[in-house]
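# Coordinates in review
Take a look at the letters that make up each chain.
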Amino acid sequence: MLDQARGVYIVAQTPSQENGAIDLESVDSLTDFYFSHGANGLTVLGVAGESNKLTPAESLAVASRFIARAKDKPVVVGVSNSSVAQMAELTGQVMDAGAAGVMIAPPGGLRTEQEVLSYFEAVFDRIGNVPTVLQDFPFSTGTWMSVPVIGQLIERHPQIQAVKEEDLPSITKITKLRALPGRRVAILTGNNAMFLPLEMGRGIDGPMAGFSHPEMLSQVYALYTAGRVDDAHAVFDRYLPLLSYENQSQWGVAVRKEIMKRRGAIKHAGMRRPGPKLDATDHAEIDLLLERLKRTLAEAG
């Protein structure tokens with residue numbers, strides 16, 4: 001059950017071949033890479049997974065491949081879609097394939113709290129009793145959900161078992177969500193893990209974020225939950241320059257894919273068009289940041 005989700009749920013990239021076709025072989029190597037570096041679960045077909053560039057058939061193929069390779073590890077599939085009918089179709093398909101649940105964000109254009117409530121009523125009438133992560137990401141969706149509205153959604157729909165919180169400031173919203181009465185849901189956080197140690201202090205159950213060095217996420221989580229708060233901050237600080245560099249929307253995703261190609265996780269670094277393409281200066285900056293990270297880690301022992 002997703003309300004028991006704890007640990008690191010890595011937001012996975014969607015590997016592409018040089019010609020733009022989906023690279024399913026790299027899905028396998030990428031899945032192995034994430035779990036070998038401490039992931040407890042995966043989230044696929046999210047914003048950073050370029051889900052908006054895939055056909056319905058490709059979305060199902062990518063999700064199914066991640067699920068199959070993950071074996072008994074949980075995989076959450078992003079199914080957000082302005083079409084509730086298409087969302088319901090993909091939801092049924094990925095749940096049949098073995099997904100642990102789905103992640104749904106409200107579409108853009110919802111202007112009032114009642115519209116948000118009505119939208120999710122329609123969603124759950126259509127998809128039924130599917131474990132769901134409610135994604136609160138207004139800077140991507142354009143739709144803002146207040147803490148009271150999120151609380152109403154949780155109480156009205158038992159399918160909502162977790163909230164992915166990535167509004168800003170995330171830390172204050174996490175505190176307010178944790179103070180809500182009623183049943184407890186898991187709180188996982190995104191925003192590329194930019195505030196992870198502080199969010200751990202606010203009571204989250206783990207990150208649901210992507211990074212080219214997922215071992216940092218798993219180390220920070222493990223240290224913090226073991227009570228070694230200073231050590232958790234120290235590990236986070238070592239990776240912060242690179243983490244910040246990757247925190248640049250879709251351009252940052254291109255950087256992340258390039259680094260993961262260098263680390264052997266995927267065969268090709270390109271993004272599906274339309275998307276950013278790195279130039280020589282970008283590659284030189286990546287070289288610099290990786291070399292500095294290497295030295296910092298060596299100095300830390």
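Before any of the text, the structure's been laid out above.
Now for a look at the structure at hand.

Definitions and limits used
- Residues numbered from 1 in each chain as written.
- Predicted model: local features only at pLDDT ≥ 70, side-chain atom pairs only at ≥ 80, totals over all residues.
- Heavy atoms only, no water.
- 1 Å grid on protein atoms, 1.4 Å probe; cavity = no way out; pocket = protein on both sides within 12 Å on 5 of 7 lines; lining within 4 Å.
- Points joined across faces, edges and corners; volume = space filled by probe spheres on them.
- Helix = DSSP H or I, 4+ residues; strand = E, 2+ residues; numbered from the N terminus.
- Patch = residues over 30% accessible without salt bridge, like charges linked within 9 Å, V, L, I, M, F, W, Y side chains within 5 Å.
- Areas by Shrake-Rupley, 256 points an atom, 1.4 Å probe, with all protein chains shown as cover.
- Salt bridge = Lys/Arg side-chain N within 4 Å of Asp/Glu carboxyl O.
- Buried < 20%, exposed > 50% of the residue type's maximum accessible area, 1.4 Å probe, protein only.
- Contact = heavy atoms within 4.5 Å.
- Polar contact = N/O pair within 3.5 Å; in protein donor to acceptor, adjacent residues only side chain to side chain.
- Phe/Tyr/Trp six-rings, centres within 6.5 Å; stacked < 30°, edge-to-face > 60°.
- Pairing = 2+ DSSP bridges.
- Right-handed = clockwise from strand over helix to strand, strands pointing away.

### What about the layout of surface pockets?
Size it by volume and the largest pocket reaches roughly 650 Å³. Around the largest pocket sit 31 residues that line it, and Ser51, Asn52, Val79, Ser80 and Asn81 are the ones nearest its centre. The set of elements that each furnish at least two residues to the lining of the largest pocket consists of helix 2 (56–70), helix 3 (84–97) and helix 5 (138–141). With five residues, the single largest contributor to the lining of the largest pocket is helix 3.

### Observations regarding a nonpolar patch on the surface
Taken together, the side chains of Phe139, Leu168, Phe195 and Leu198 define a hydrophobic patch exposed on the protein surface, amounting to about 400 Å² of accessible area. Position of Phe139 relative to the elements: it lies in helix 5.

### Some details on the environment of Arg184
Here Arg184 shows up in the loop between helix 7 (170–178) and strand 7 (186–189). With a relative accessible area of 41%, Arg184 lands in the partly exposed category. In this structure, the C-alpha to C-alpha distance between Arg184 and Met208, residues 24 residues apart in sequence, is 18 Å. Every residue in contact with Arg184, bar those within four places of it in the chain, is listed here: Asp3, Arg6, Arg178 and Asp205. Of the polar contacts made by the side chain of Arg184, one reaches the side chain of Asp205; its length is 2.9 Å.

### Overview of the packing of aromatic side chains
With the rule as written, the count across this model stands at five aromatic pairs. For the pair Phe211 and Tyr239, a centre-to-centre distance of 6.2 Å together with 85° between the ring planes defines the contact as edge-to-face. With Phe211 in the loop between strand 8 (206–207) and helix 9 (214–225) and Tyr239 in helix 10 (residues 229–246), this residue pair connects regions lying 28 residues apart in the sequence. This pair shows no difference in class: Phe211 is buried, exactly as Tyr239 is. Pairing Tyr245 with Trp251 gives two aromatic rings, centres 5.3 Å apart and planes at 80°, and the pair type is edge-to-face. Clustering of aromatic rings is evident, with ring pairs tying together Tyr119, Phe120 and Phe124.

### Comments concerning the sheet that holds strand 6 (residues 160–165)
Reading across the sheet, the eight strands line up as 1-2-3-4-5-6-7-8 and stay open at both edges, with parallel pairing between neighbours. Each end of this open sheet is capped by a strand with a single partner; those strands are strand 1 (9–11) and strand 8. Of the pairings in the sheet, the one linking strand 6 to strand 7 comprises four bridges and is parallel in character. What sits directly across from Val163, in strand 7, is Ile187.

### Quick word on the pattern of salt bridges
Inspection of the entire model under this criterion finds 17 salt bridges. Glu246 is the partner of Arg256 in a salt bridge, and the nearest nitrogen-oxygen pair spans 2.8 Å. In this pair, Arg256 is assigned in helix 11 (residues 249–262) and Glu246 in helix 10, connecting sequence segments 10 residues apart. By the burial criterion, Arg256 is buried, and Glu246 matches it. Members of the salt-bridge network, linked through shared partners, are Arg6, Arg178, Arg184 and Asp205.

### Some remarks on the pairing of strand 3 (residues 75–78)
Burial of strand 3 is two-sided: the residues Val75 and Val77 facing one way and the residues Val76 and Gly78 facing the other way are all buried. Where strand 2 (residues 41–44) meets strand 3, three bridges bridge the pair, whose relative direction is parallel. Paired with Leu42 across the strands is Val75, a residue of strand 3. Tracing the backbone out of strand 2, into helix 2 and back to the parallel element strand 3 gives a crossover that is right-handed. The pairing of strand 3 with strand 4 (residues 101–104) spans three bridges and is parallel. Note on strand 4: the bridge partner recorded for Val77 is Val102. Following the chain from strand 3 across helix 3 to the adjacent parallel strand 4, one finds a crossover that is right-handed.

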